[in-house]
Amino acid sequence: MPLPFLTADRAFDTQADDVALPFDDHDRWRRPYRPGPWRVGAAALLLLFASFVLIAGMITAFAGALAGAAGCMGLGAVVIVAAMRLLRMGTWVSRHGVRRVAFFSTTTVPWHRTTALRTVQQPVRWLVMPRTVQGQALLLVLQGGEQLPLLTDHDGDFLSRLEAFDRATDSIEAWGAEYRAG
């Protein structure tokens, strides 16, 4: 029984015309790198904690204490939202600009307001904690001279993954070079 959807050569045989794939849509916001293991691991632990809290809420509801069950369900929902926001954090790019998503805020800068993207050696925060170490950061330089740090090599996505940091900075710099000019 042939399974053409599992073969590697099917894409070359069936694609006669050069149609843009859905992930080639440059108008959609996308992260040009994968979330790192530290970020994914922390979100997985939060979701595990949320499952325990939701089970505790269910047990509390069956015991008849509805106020306690509502509190547990609310706490579980907050923990799930926090885990999803943790996974959403990072730098996103599109044809319209660059977006820096933090835990509590989001900053969007159109490409025409930027002057440069550069990687510099500087003290950076280690896993967003107050402790700083010497590392690399990708800085977005705005027209007024303000610098916005987009990525560091010691954050949750790139700690101990220097090659991934280099690929991500190259990709974001390529987006900037393409859309700042035109």
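Everything below is about the structure shown above.
Residues numbered from 1 in each chain as written. Predicted model: local features only at pLDDT ≥ 70, side-chain atom pairs only at ≥ 80, totals over all residues. Heavy atoms only, no water.

Participant: Help me out: how do you make sense of the nonpolar core in this one?
Facilitator: Looking at soluble globular proteins, one finds that nonpolar side chains tend to be buried together. Membership of the largest hydrophobic core comes to 19 residues, with the highest contact counts inside it found for Leu140, Leu150 and Leu151. Among the elements of the structure, strand 5 (132-142), strand 6 (147-152) and helix 4 (162-181) are those that each provide at least two residues to this core. With six residues, the top contributor of residues to this core is helix 4. Contact partners of Leu150, with chain neighbours within four places excluded, come to Thr91, Val98, Arg100, Leu117, Leu138, Leu140 and Ile172. (Core = buried A, V, L, I, M, F, W, Y, C linked by side-chain atoms within 4.5 Å. Buried < 20%, exposed > 50% of the residue type's maximum accessible area, 1.4 Å probe, protein only. Helix = DSSP H or I, 4+ residues; strand = E, 2+ residues; numbered from the N terminus. Contact = heavy atoms within 4.5 Å.)

Participant: Which parts of the structure should I look at to understand the layout of surface pockets?
Facilitator: Take a probe with the size of a water molecule and roll it over the atoms, and the empty space left behind shows itself. Size it by volume and the largest pocket reaches roughly 390 Å³. As for the largest pocket, its lining consists of 15 residues, of which Arg100, Arg125, Val128, Thr152 and Asp155 are closest to the centre. At the level of elements, strand 4 (114-125) and strand 6 are the ones that each hand at least two residues to the lining of the largest pocket. Grouping the amino acids of the lining of the largest pocket by side-chain chemistry returns nine nonpolar, two polar and four charged. Put simply, the second largest pocket is a space of about 180 Å³. Lining the second largest pocket are Trp38, Arg39, Ala42, Leu86, Met89, Leu127, Val128 and Gly156. The greatest single-element share of the lining of the second largest pocket, amounting to three residues, is contributed by helix 2 (residues 37-63). When its residues are assigned to classes, the lining of the second largest pocket shows six nonpolar, one polar and one charged. (1 Å grid on protein atoms, 1.4 Å probe; cavity = no way out; pocket = protein on both sides within 12 Å on 5 of 7 lines; lining within 4 Å. Points joined across faces, edges and corners; volume = space filled by probe spheres on them. Nonpolar A, V, L, I, M, F, W, Y, C, P; charged D, E, K, R; others polar.)

Participant: Sorry, what's going on with the sheet that holds strand 3 (residues 106-110) here?
Facilitator: Strand pairing in a sheet is mediated by backbone hydrogen bonds. Such pairs are either parallel or antiparallel. Taken together, three strands build an open sheet; the order of strands is 1-2-3 and the sheet is antiparallel. Every interior strand has two partners, whereas the edge strands, strand 1 (90-94) and strand 3, have only one. For this sheet, the mean angle separating the axes of adjacent strands, direction not counted, is 15°. Note: strand 2 (residues 97-101) against strand 3, five bridges, orientation antiparallel. Bridge pairing links Arg99 to Thr108 in strand 3. (Pairing = 2+ DSSP bridges. Axes fitted to C-alpha atoms, helices over the stretch in contact; angles between N-to-C directions.)

Participant: Would you mind going over the pairing of strand 1 with me for this structure?
Facilitator: Looking down a regular strand, the side chains alternate between one sheet face and the other. Burial of strand 1 is extensive: five of the five residues sit out of reach of the surface. As defined by bridge partners, strand 1 adjoins strand 2 across five bridges and the pair is classed as antiparallel. When the bridges of strand 2 are listed, Thr91 appears paired with Arg100. Hairpin remark: strand 1 followed by strand 2, antiparallel, with two residues in the connecting loop.

Participant: Whenever I open this one, the environment of Asp155 confuses me. Can you help?
Facilitator: Within the fold, Asp155 resides in the loop between strand 6 and helix 4. A residue is classified by how much of its surface remains accessible, and Asp155, at 7% relative accessible area, is buried.

Participant: Just checking my understanding: could you explain the packing of helix 2 against helix 3 (residues 66-88) for this structure?
Facilitator: Axes are the key here: two packed helices are described by the angle between their axes and the distance separating the axes. At their nearest, the axes of helix 2 and helix 3 sit 8 Å apart, and the two run at 165° to each other. Comparing their axes, helix 3 and helix 2 come out roughly antiparallel. Helix-helix and strand crossings are classified by hand; for helix 2 and helix 3 the assignment is left-handed. Class assignment of the residues belonging to the contact of helix 2 with helix 3 gives a composition of 24 nonpolar, four polar and one charged. (Parallel < 35°, antiparallel > 145°, perpendicular 65-115°, else oblique. Left-handed = near helix turned anticlockwise from the far one by under 90°.)

Participant: Explain the packing of aromatic side chains here, please?
Facilitator: Remark: the centre distance and the inter-plane angle together describe each pair of aromatic rings, the angle taken between the planes. Counted by the stated rule, this structure contains four aromatic pairs. Centre to centre, the rings of Tyr33 and Phe158 are 4.9 Å apart; their planes meet at 50°, and the pair counts as tilted. Here the residue Tyr33 occupies a position in the loop between helix 1 (10-14) and helix 2, and Phe158 occupies one in the loop between strand 6 and helix 4, the gap between them amounting to 125 residues. Here the two residues Tyr33 and Phe158 agree in accessibility, since each one is buried. The structure contains a cluster of three or more aromatic residues connected by ring pairs, namely Tyr33, Phe158 and Phe165. Just above the ring of Trp92 sits the side chain of Arg88; from NZ or CZ to the centre is 4.4 Å. (Phe/Tyr/Trp six-rings, centres within 6.5 Å; stacked < 30°, edge-to-face > 60°. Lys NZ or Arg CZ within 6 Å of the ring centre and 35° of its normal.)

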